[in-house]
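Summary of the model geometry
Each chain, letter by letter, is given below.
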Amino acid sequence: SSTYEVKRGMLLFAKPGQIRFSDLHVKCSFIRIDPNCDAQITDILNTLPNCVYLDDSSEIDNLLGKFTRLGSVFLGYQGSDCEDLKINSIFLDILYRCKLAADKSLAEKEHLPANQAVSAVYEYINEHFCSDCSLTTLAEAVHVSPNYLHTLFKKTVGLSPFEYVMKKRIEM
């Protein structure tokens, strides 16, 4: 499991099956998205990293404002097509801003170029193939999303990370 410093501007993207827990009393806003809602939205969500920190106060305030607007629309929800359209537009704007923030954060903070990320994972698997080598664990070790790591590793090595781990375990 990973631990993240809780601070203003923190965005956590919990994927289906992941659990987020905090015993701190902090104000937070969240949207629960049904993973079966829309394939394109699910694909976007799956590309987001587990945690991103926003440094820009105006972007933090903007996102908090969007969450507040979304909540206020839900409070007065009457079930009209116009309200549905407004809810969807606010949600998509939030998703768009989260995706931009995640992309910017990864570009700025990713300290390993793609080939070094694969090399680091390759070495990690070679040294730890008997222990936990889940895609999530490997991706967190090199600070990239699991989907991105899977695609990059398979393109570079010719096997998925799971296939490579199984190959190493069989060769043992």
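Digging into the overall build of the chain
Of regular secondary structure, the chain possesses 7 helices and 2 strands. Each helix (α) and strand (β) of the chain, taken in turn from the N terminus, gives the series β-α-β-α-α-α-α-α-α. Per-residue burial over the chain gives 32% buried out of 172 residues. In the form shown here, the chain has an accessible surface area of approximately 11,400 Å², with 56% of it arising from carbon and sulfur atoms.

Topic: helix α2 (residues 57-75)
Helix length check: α2 (19 residues) gives 27 Å between terminal C-alpha atoms against 27 Å at 1.5 Å per residue, within 8%. Residues of α2 that are buried include every one of Glu-59, Ile-60, Leu-63, Lys-66, Phe-67, Leu-70 and Val-73, and no others. Burial along α2 is one-sided: seen end-on, the buried residues are contained in an arc of 155°. Facing away from the buried side of α2 by over 90 degrees, the exposed positions are Thr-68 and Leu-75.

Points about the packing of helix α5 (residues 135-142) against helix α6 (residues 146-157)
Direction vectors running N to C along α5 and α6 enclose 90°, while the axes themselves pass 9 Å from each other. By the angle between their directions, the pair α5 and α6 is classed as roughly perpendicular. Together, Leu-135, Thr-136, Leu-138 and Ala-139 of α5 and Pro-146, Leu-149 and His-150 of α6 make up the contact between the two elements. Looking at the contact of α5 with α6 residue by residue, the class counts come to 5 nonpolar, 2 polar and no charged.

Considering unusual backbone geometry
Keep in mind that most residues, glycine aside, have a negative phi and that most peptide bonds are trans. In this structure, His-143 is a non-glycine residue whose phi angle is positive, near 60°. Residue placement: His-143 occurs in the loop between α5 and α6.

Overview of the packing of aromatic side chains
Per the counting criterion, the structure on display carries 2 aromatic pairs. For the ring pair Tyr-122 and Tyr-164, a centre distance of 4.8 Å and an interplane angle of 25° mean the geometry is stacked. With a gap of 42 residues between them, Tyr-122 in helix α4 (residues 114-128) and Tyr-164 in helix α7 (residues 161-171) connect regions that are remote in the sequence. Residue Tyr-164 is classed as buried on the basis of its relative accessible area, which comes to 5%. Here Phe-153 and Tyr-164 contribute two aromatic rings whose centre-to-centre distance is 6.0 Å and whose plane-to-plane angle is 55°, an arrangement assigned as tilted. Taken together, the residues span a long stretch of sequence, with Phe-153 in helix α6 and Tyr-164 in helix α7 at a distance of 11 residues. In textbook terms, an aromatic cluster arises when at least three aromatic residues are bridged by ring pairs, as seen for Tyr-122, Phe-153 and Tyr-164.

Quick word on the nonpolar core
If you look at the biggest cluster of nonpolar residues, it comprises 20 residues, and the most contacted ones within it are Leu-11, Phe-13, Leu-54, Leu-63, Ile-94 and Cys-98. Among the elements that take part in this core, helix α3 (residues 81-109) stands out by supplying 8 residues, more than any other. In terms of nonpolar packing, the next biggest core, distinct from the first, is built from 15 residues, Val-121, Val-144, Leu-149 and Val-165 among them.

Side note on α5
Regarding α5, the residues found buried are Leu-138, Ala-139 and Val-142. Taken around the axis of α5, the buried residues stretch over an arc of 95°, which confines them to a single face. After α5 finishes, the residue His-143 shows a positive phi value of roughly 60°.

A closer look at the state of the cysteines
Taken as a whole and assessed by the stated rule, the structure comprises 0 disulfides. With no disulfide partner, Cys-130 has as its closest neighbouring cysteine sulfur the one in Cys-133, 8.5 Å distant.

Section: the packing of α6 against α7
Packing of α6 against α7 leaves a shortest axis separation of 8 Å and a crossing angle of 60°. Here α6 lies oblique to α7, going by the angle between them. Contact residues: His-150, Phe-153, Lys-154 and Val-157 in α6; Pro-161, Glu-163 and Tyr-164 in α7. Taken together, the residues that form the contact of α6 with α7 break down as 4 nonpolar, 1 polar and 2 charged.

What counts as what
- Residues numbered from 1 in each chain as written.
- Predicted model: local features only at pLDDT ≥ 70, side-chain atom pairs only at ≥ 80, totals over all residues.
- Heavy atoms only, no water.
- Helix = DSSP H or I, 4+ residues; strand = E, 2+ residues; numbered from the N terminus.
- Buried < 20%, exposed > 50% of the residue type's maximum accessible area, 1.4 Å probe, protein only.
- Areas by Shrake-Rupley, 256 points an atom, 1.4 Å probe, with all protein chains shown as cover.
- Expected span 1.5 Å × (residues − 1).
- Arc of directions from axis to C-beta.
- Axes fitted to C-alpha atoms, helices over the stretch in contact; angles between N-to-C directions.
- Parallel < 35°, antiparallel > 145°, perpendicular 65-115°, else oblique.
- Contact = heavy atoms within 4.5 Å.
- Nonpolar A, V, L, I, M, F, W, Y, C, P; charged D, E, K, R; others polar.
- Phe/Tyr/Trp six-rings, centres within 6.5 Å; stacked < 30°, edge-to-face > 60°.
- Core = buried A, V, L, I, M, F, W, Y, C linked by side-chain atoms within 4.5 Å.
- Disulfide = S-S within 2.5 Å.

Read these as spatial facts, not as claims about activity.
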